[in-house]
Amino acid sequence: MSKARITKPTQEWNTINWAKVQRKVFKLQKKIFQAVRSGNKVKAKKLQKLLLKSHYAKLLAVRKVTQDNQGRKTAGIDGIKALRPNQRINLAYELNVKGYRAKALRRIWIPKPGRDEKRPLGIPTIKDRAMQALVKSALEPYWEAQFEGTSYGFRPGRSTHDAIGRIYISINQKIGGKYVLDADISKCFDKINHDYLLSKIDCPSCMKQLIKKWLKCGVIDNGVFEETDSGTPQGGTISPLLANIALHGMINEVERKFPETIYKNGKQIFNYRPKIIRYADDFVVLHNELEIIRQCKSLISKWLTQAGLELKPEKTSIRHTLKSIEKDGKTIGTGLNFLGFQIRSYPVGKHHSGKNGNKEILGSKTLIKPSNEAIKAHHEKIKKVIKNHKKTSQEALILRLSPVIKEWSNYYQTVASKETFSSEDHILWNMLRAWAISRVKKGSTKKKLRKYFSYGNNGIWTFRTKEMQLYYHSETEIKRHQLVKAEASPYDGNWTYWSKRRGNYPETPTRVAKLLKKQKGKCNFCGQHFTPDDLVDIDHIIPKAQGGKDTYKNLQALHRHCHEVKSRNDSTYHRSDNGYEWKDDVLTVPMTKG
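My aim in this report is to walk through the structure given alongside it, one point at a time. Just so it is clear, the structure is predicted and the values come from calculations on it, not from any experiment.

1. Some points on the overall build of the chain
Per the secondary structure count, the chain includes 20 helices and 22 strands. By residue count, 47% of the 594 residues in the chain fall in the buried class. In the chain, once contacts between residues fewer than 6 apart in sequence are set aside, the share between residues at least 24 apart is 66%. As presented, the chain carries roughly 31400 Å² of accessible surface, and 49% of it is formed by carbon and sulfur atoms.

2. Regarding the sheet that holds strand 5 (residues 224-226)
What holds strands together in a sheet is hydrogen bonding between their backbones, with the strands either parallel or antiparallel. Strand order in the open sheet formed by 4 strands is 2-1-4-5, and the pairing between neighbours is mixed. Whereas interior strands pair on both sides, the edge strands pair on one side only; in this sheet they are strand 2 (118-123) and strand 5. For this sheet, the mean inter-axis angle between neighbouring strands, taken without regard to orientation, is 40°. Where strand 1 (residues 105-111) meets strand 4 (residues 219-221), 2 bridges bridge the pair, whose relative direction is parallel. By the bridge assignment for strand 4, Arg-106 is matched with Ile-220.

3. Examining the pattern of salt bridges
Tallied over the entire structure, the rule returns 8 salt bridges. A salt bridge links Asp-202 to Lys-41, with the nearest nitrogen and oxygen atoms 3.7 Å apart. Residue Asp-202 is located in the loop between helix 9 (194-201) and helix 10 (205-216), and its partner Lys-41 is located in helix 3 (residues 41-53); the two are separated by 161 residues in the primary sequence. Across the pair Asp-68 and Arg-63 runs a salt bridge, and its minimum N-O distance is 3.9 Å. Within the structure, one salt-bridge network assembled from shared partners comprises Lys-41, Lys-45 and Asp-202.

4. Side note on the nonpolar core
Note that soluble globular proteins tend to have their nonpolar side chains buried in a common cluster. The biggest cluster of nonpolar side chains holds 85 residues, and the ones touching the most others in it are Leu-139, Ile-201, Leu-242, Ile-245, Phe-283 and Leu-304. No other element matches the 10 residues that helix 6 (residues 126-144) contributes to this core. Both of domain 1 (18-146) and domain 2 (147-193 + 230-362) provide at least three residues apiece to this core. When sequence neighbours within four positions are dropped, the list of residues in contact with Ile-201 reads Leu-139, Trp-143, Ile-211, Leu-242 and Ile-245. Listed in part, the 27 residues of the second largest apolar core include Ile-277, Ile-375, Tyr-412 and Tyr-497.

5. Observations regarding the packing of helix 3 against helix 6
Across the interface, helix 3 lies against helix 6 with an axial gap of 9 Å and an inter-helix angle of 160°. The orientation of helix 3 relative to helix 6 falls into the category roughly antiparallel. The way helix 3 lies across helix 6 gives a crossing that is right-handed. The residues of helix 6 that touch helix 3, namely those facing Lys-41, Ala-44, Lys-45, Gln-48, Leu-51 and Leu-52, are Leu-134, Val-135, Ser-137, Ala-138, Leu-139 and Tyr-142.

6. Quick notes on the pairing of strand 9 (residues 282-287)
With respect to burial, strand 9 is a largely interior element, 5 of its 6 residues being buried. In this structure, strand 3 (residues 179-184) lies alongside strand 9, joined through 6 bridges in antiparallel fashion. Within strand 9, the residue paired with Asp-184 across the bridge is Asp-282. As defined by bridge partners, strand 8 (residues 275-279) adjoins strand 9 across 5 bridges and the pair is classed as antiparallel. By the bridge assignment for strand 9, Lys-275 is matched with Leu-286. In sequence, strand 8 turns back onto strand 9 through a hairpin of 2 residues, with Ala-280 there showing a positive phi of about 60°.

7. Regarding empty space enclosed by the protein
A complete count under the given rule lists 2 cavities of 30 Å³ or more for this structure. Looking at the largest cavity, its volume works out to about 80 Å³. Leu-105, Gln-132, Trp-214, Leu-215, Thr-232, Pro-233, Gly-236, Ile-238, Ser-239 and Leu-242 together form the lining of the largest cavity. Of all the secondary-structure elements, those providing two or more residues to the lining of the largest cavity are helix 10 and helix 11 (239-247). Grouping the amino acids of the lining of the largest cavity by side-chain chemistry returns 6 nonpolar, 4 polar and no charged. The volume enclosed by the second largest cavity comes to roughly 50 Å³. Lining the second largest cavity, in full, are Val-25, Ala-57, Leu-60, Ala-61, Lys-64, Ala-133 and Ser-137. Among the elements of the structure, helix 4 (55-68) and helix 6 are those that each provide at least two residues to the lining of the second largest cavity. The dominant element in the lining of the second largest cavity, judged by the number of residues it contributes, is helix 4, at 4 residues.

8. Points about the environment of Ile-405
With respect to the secondary-structure elements, Ile-405 resides in helix 15 (residues 394-411). A relative accessible area of 0% means that Ile-405 is categorised as buried. Sequence-wise, Ile-405 and Leu-470 are 65 residues apart; in three dimensions their C-alpha atoms are separated by 9.2 Å. Here Ile-405 is in contact with His-378, Ile-382, Leu-428, Leu-470, Tyr-471, Tyr-472 and His-473, once residues within four sequence places are set aside.

9. A few points about the packing of helix 6 against helix 11
Helix-helix packing is described using two parameters, namely the angle between the two axes and the distance between the axes. Viewed as axis vectors pointing N to C, helix 6 and helix 11 meet at an angle of 30°, and their least axial separation amounts to 11 Å. By the angle class used here, helix 6 and helix 11 are roughly parallel. You can see that helix 6 and helix 11 cross each other, and the crossing is left-handed. On helix 11, the residues that touch Lys-136, Leu-139, Glu-140 and Trp-143 of helix 6 are Leu-241, Leu-242 and Ile-245.

10. Some thoughts on the side chain of His-248
Among the secondary structure elements, His-248 is positioned in the loop between helix 11 and helix 12 (250-255). Owing to a relative accessible area of 14%, His-248 belongs among the buried residues under this scheme. Here the side chain of His-248 touches Glu-148 through a polar contact of 3.2 Å, side chain to side chain. Setting aside anything within four residues of it in sequence, one finds His-248 in contact with Trp-143, Gln-146, Phe-147, Glu-148, Lys-200 and Trp-303.

11. Examining helix 6
With 19 residues, helix 6 should cover 27 Å at 1.5 Å per step; its first-to-last C-alpha distance of 26 Å lies within 8% of that length. Helix 6 sits mainly inside the fold: 17 of its 19 residues count as buried.

12. Considerations on the layout of surface pockets
Empty space among the atoms becomes apparent when a probe as large as a water molecule is rolled across them. The space that makes up the second largest pocket amounts to roughly 1000 Å³. Around the second largest pocket sit 42 residues that line it, and Lys-178, Phe-270, Asn-271, Tyr-272 and Lys-275 are the ones nearest its centre. Among the elements of the structure, helix 7 (160-172), helix 12, strand 7 (267-269), strand 8 and strand 9 are those that each provide at least two residues to the lining of the second largest pocket. Tallied by class, the residues present in the lining of the second largest pocket amount to 14 nonpolar, 13 polar and 15 charged. The residue makeup of the lining of the second largest pocket includes at least three contributed by each of domain 1 (18-146) and domain 2 (147-193 + 230-362).

Reading the values: rules and limits
- Residues numbered from 1 in each chain as written.
- Predicted model: local features only at pLDDT ≥ 70, side-chain atom pairs only at ≥ 80, totals over all residues.
- Heavy atoms only, no water.
- Helix = DSSP H or I, 4+ residues; strand = E, 2+ residues; numbered from the N terminus.
- Buried < 20%, exposed > 50% of the residue type's maximum accessible area, 1.4 Å probe, protein only.
- Contact = heavy atoms within 4.5 Å.
- Areas by Shrake-Rupley, 256 points an atom, 1.4 Å probe, with all protein chains shown as cover.
- Pairing = 2+ DSSP bridges.
- Axes fitted to C-alpha atoms, helices over the stretch in contact; angles between N-to-C directions.
- Salt bridge = Lys/Arg side-chain N within 4 Å of Asp/Glu carboxyl O.
- Core = buried A, V, L, I, M, F, W, Y, C linked by side-chain atoms within 4.5 Å.
- Domains from an automatic or database assignment.
- Parallel < 35°, antiparallel > 145°, perpendicular 65-115°, else oblique.
- Left-handed = near helix turned anticlockwise from the far one by under 90°.
- 1 Å grid on protein atoms, 1.4 Å probe; cavity = no way out; pocket = protein on both sides within 12 Å on 5 of 7 lines; lining within 4 Å.
- Points joined across faces, edges and corners; volume = space filled by probe spheres on them.
- Nonpolar A, V, L, I, M, F, W, Y, C, P; charged D, E, K, R; others polar.
- Polar contact = N/O pair within 3.5 Å; in protein donor to acceptor, adjacent residues only side chain to side chain.
- Expected span 1.5 Å × (residues − 1).

See below:
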């Protein structure tokens, strides 16, 4: 990977060993993380400077913004949506701190989910995005070693399900439920004070100058230039990380205002401090006493002022998980909605009640379900898909509708969603029945509906054709989410732990972990060790086209890059029964006779 570039740029990009690139970058990131954890920030900053100069890190940054990111085809003010391989390799050589100038952002407006409002996004150019990805790769492990354990939004290895799981644990072990401050920060990304953020970042001066340029670069909206005096515009690669840095410290500072243990009515109460769980700019505060919740609200409002932020009044309320509350003549309902989930405790008898650590009967049961707003938004999305496919074939409707159902069901498969899934399937059947009736003539409707419905996974009235069938909500298995450890981070190097959790691994993390253990942490193709940052694919040793099966003995874990190379290099073709040829389980063109 020399800078002399003896080979052609296109050839150089296509022959990059990405497993090696990721391994080298992760090795530096791990050292940064460990240096901060051990208190040696001087060493960590030296390593950050080294990572900024690393050619491997530059290559990985370019790949992330041009190939891996979902929003890679959205152009900035330069109008460039995609790059060819030779342009990617040239861009990697252009990522230098010296002489770098940031260009203005292109503002676009996108609708908010489930609302009529729109929110602004600031889209940087491809070069600016690649530079931000490079700086983020050096800045993220430094701060991951310091972030609070109950902060979950926009952090590697953490998800909404971890935040929900932490809330459930905090509520489920308390007799009589808890009071909750359900709060939202008003326009968090748009109002963060620049001076406050820059004074808090704590990084080498070269990185700080780059971040300052991105904060002050301005926005172009319909040809009109606007200066950016505050905020980290959404749409930038590094913006979520900067927002987390700005909000870092709020949880610890507020919690430490209260004693860990207190004596009350002659009893010693442990774990008296309130629990704060934050996901980006949304957070909840949990405690047994209403007065403590009110104090927390006041303390948080005061803390946010220094960052130029404030709570959003219409989205901030005090509630209770088990009972309704009267406030200003209005009744506030039981429980709360957070990140699309409804969290609520229900009073139950002693035979159905849970118990706390002291084996005391709680008298209630905490359940988490999809929120009514999320269900309603899902209905509207399904209706829109069906309406847009009134005149298309049944196959086209199935192909478009199944991913919508599967994505929504997978998001809620970790909570008590079994009844909801069953109800959604019943509503879906009525929608599809109406769609089918609109396509047949009047008369014997039941017989004509058999054209669209037959026996399948959902019984005799499964929406299907001969070749394919619709995916139903109830096909999704309920799987409890395993809560991430508070101090764990992908940069700690514990690949055995993270191989079971990382979202970029296949859907069966247990199988991946078994294969990694069997292979002693090595890729069977290149022989190199896996790291927690590697992308892993499960490969069939004997391809299925040759009769290979999905058994454990016929599977191996490969680096994603190695799997791609193996697929390209495999020149063995196989004849199927219907006269088509196969290569690596992919159907290709028909074979000629003879």
